[in-house]
Amino acid sequence: MASPRRSVEGRPLGASVSSNTSNPGSPAHGGGSSGRFEFQSLLSSRAAGVDPTSARLRASESPVHRRGSFPVAAAGSSQAPPPSLPEEDRMDLNPSFLGIALRSLLAIDLWLSKKLGVCAGESSSWGSVRPLMKLLEISGHGITWLLGTLYCLCRSDSWAGREVLMNLLFALLLDLLVVALIKGLVRRPRPAHNQMDMFVTLSVDKYSFPSGHATRASLVSRFILKHLVLAIPLRVLVVLWAFILGLSRVMLGRHNVTDVAFGFFLGYMQYSIVDYCWLSPHNAPVLFILWNQQ
Ligand SMILES: CC(C)=CCC/C(C)=C/COP(=O)(O)O
């Protein structure tokens, strides 16, 4: 009882956690000493507005926190069966499992992204393909798509064409907004091997999660496949373009694999929003009248 209590009170909280995780015999690894569990009970009781000192005492009295007291001692002794665990302690086990799973996923992500970043610099193993990858980057850039859509909107002479293009413009703007918001909230830095030599960026583009090119590729390709009548080879080409654009983000070292994977998912979902809120002369007449007056 004495030593675990000292470990919480005598050290900064962060130090208590890191020392536990590095030691295989520590509570973080199921070693039985109560430091880690007490630390977590402390956090959960604080969140619940309970007095931390009494919460710590309760937690350290639980059978799980006494080295060797459960289940062996309980099974072999005449003592009464241990009381059921306080709820806060039972919940502690799940976050640590989830934490380990997330940390493992992150480690695989970083390792794979570094391996695939073969065009990250001119001297990289596939450095000679870098100009081609940068061309792909421009093909999925926000400016390219915004200017291209505005140009087609100006040239379009049919109501149906204008309706589709107006919605594509709305989709592109929605995508820029959503990606900027998530990048600003998550603030995941770009991979260390990335060279920040991108064509026209916004301030949030110093962050990498999610990949704006991947969201755009998946949003735009779903949009095109739904609203343009294309021959099968062209449809395959659209899907290939989206996939290779996503892959090129990792090869250029701009992103980790999870940034691109989540980007594809987000773009796909954004299209569903655009489809649901489809702008037409019936539900947004002002927009269409204003555009026709230009
Ligand atoms: C300046 C405008 C209109 C858009 C910026 C587009 C851009 C540079 C997004 C970043 O993409 P990644 O997140 O894939 O690197």
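Treat the numbers as computed from the prediction; the structure is a model and nothing was measured. (Residues numbered from 1 in each chain as written. Predicted model: local features only at pLDDT ≥ 70, side-chain atom pairs only at ≥ 80, totals over all residues. Heavy atoms only, no water.)

## So, the overall build of the protein chain
Okay, step 1: In terms of regular secondary structure, the protein chain is built from 13 helices and zero strands.
Okay, step 2: Written out in order from the N terminus, the α and β elements of the protein chain read α-α-α-α-α-α-α-α-α-α-α-α-α.
Okay, step 3: Looking at the protein chain as shown, the accessible area adds up to about 16,700 Å², and 69% of this sits on carbon and sulfur atoms. (Helix = DSSP H or I, 4+ residues; strand = E, 2+ residues; numbered from the N terminus. Areas by Shrake-Rupley, 256 points an atom, 1.4 Å probe, with all protein chains shown as cover.)

## Regarding the confidence of the model for the protein chain
Okay, step 1: Scored by pLDDT, the protein chain comes out at a mean of 77, with 67% of its residues at no less than 70.
Okay, step 2: Here residues 1–78 scores under 50 on pLDDT; set against residues more than four positions off or in separate chains, the count is 91 contacts. (pLDDT = per-residue confidence, 0-100. Contact = heavy atoms within 4.5 Å.)

## Some words on the packing of aromatic side chains
One pair of aromatic rings is described through two measures. These are the centre distance and the angle between the planes.
Okay, step 1: Summed over all chains, the structure comprises six aromatic pairs.
Okay, step 2: On the numbers, 6.0 Å between centres and 50 degrees between planes, the contact of W145 with W241 is tilted. Of the two residues, W145 sits in helix α8 (residues 142–155) while W241 sits in helix α11 (residues 232–251), which places them 96 residues apart along the sequence.
Okay, step 3: In this structure, R162 is placed above the aromatic ring of W159, and the distance from its NZ or CZ to the ring centre is 5.5 Å.
Okay, step 4: Here the basic side chain of R222 rests over the ring of Y268, its NZ or CZ set 3.9 Å away from the ring centre. (Phe/Tyr/Trp six-rings, centres within 6.5 Å; stacked < 30°, edge-to-face > 60°. Lys NZ or Arg CZ within 6 Å of the ring centre and 35° of its normal.)

## Here we look at the packing of helix α9 (residues 159–186) against helix α10 (residues 212–227)
Okay, step 1: Two elements in contact, α9 and α10, have axes separated by 10 Å at closest approach and are oriented at 160 degrees. The pairing of α9 with α10 is recorded here as roughly antiparallel in orientation. The element α9 and its partner α10 pack so that their crossing is right-handed. From α9, V164, N167, L168, A171, L172, D175, L176, V179 and K183 reach across to α10, where they touch G212, T215, R216, L219, V220, F223 and H227.
Okay, step 2: Within the contact of α9 with α10, the residues separate by chemical class into nine nonpolar, four polar and three charged. (Axes fitted to C-alpha atoms, helices over the stretch in contact; angles between N-to-C directions. Parallel < 35°, antiparallel > 145°, perpendicular 65-115°, else oblique. Left-handed = near helix turned anticlockwise from the far one by under 90°. Nonpolar A, V, L, I, M, F, W, Y, C, P; charged D, E, K, R; others polar.)

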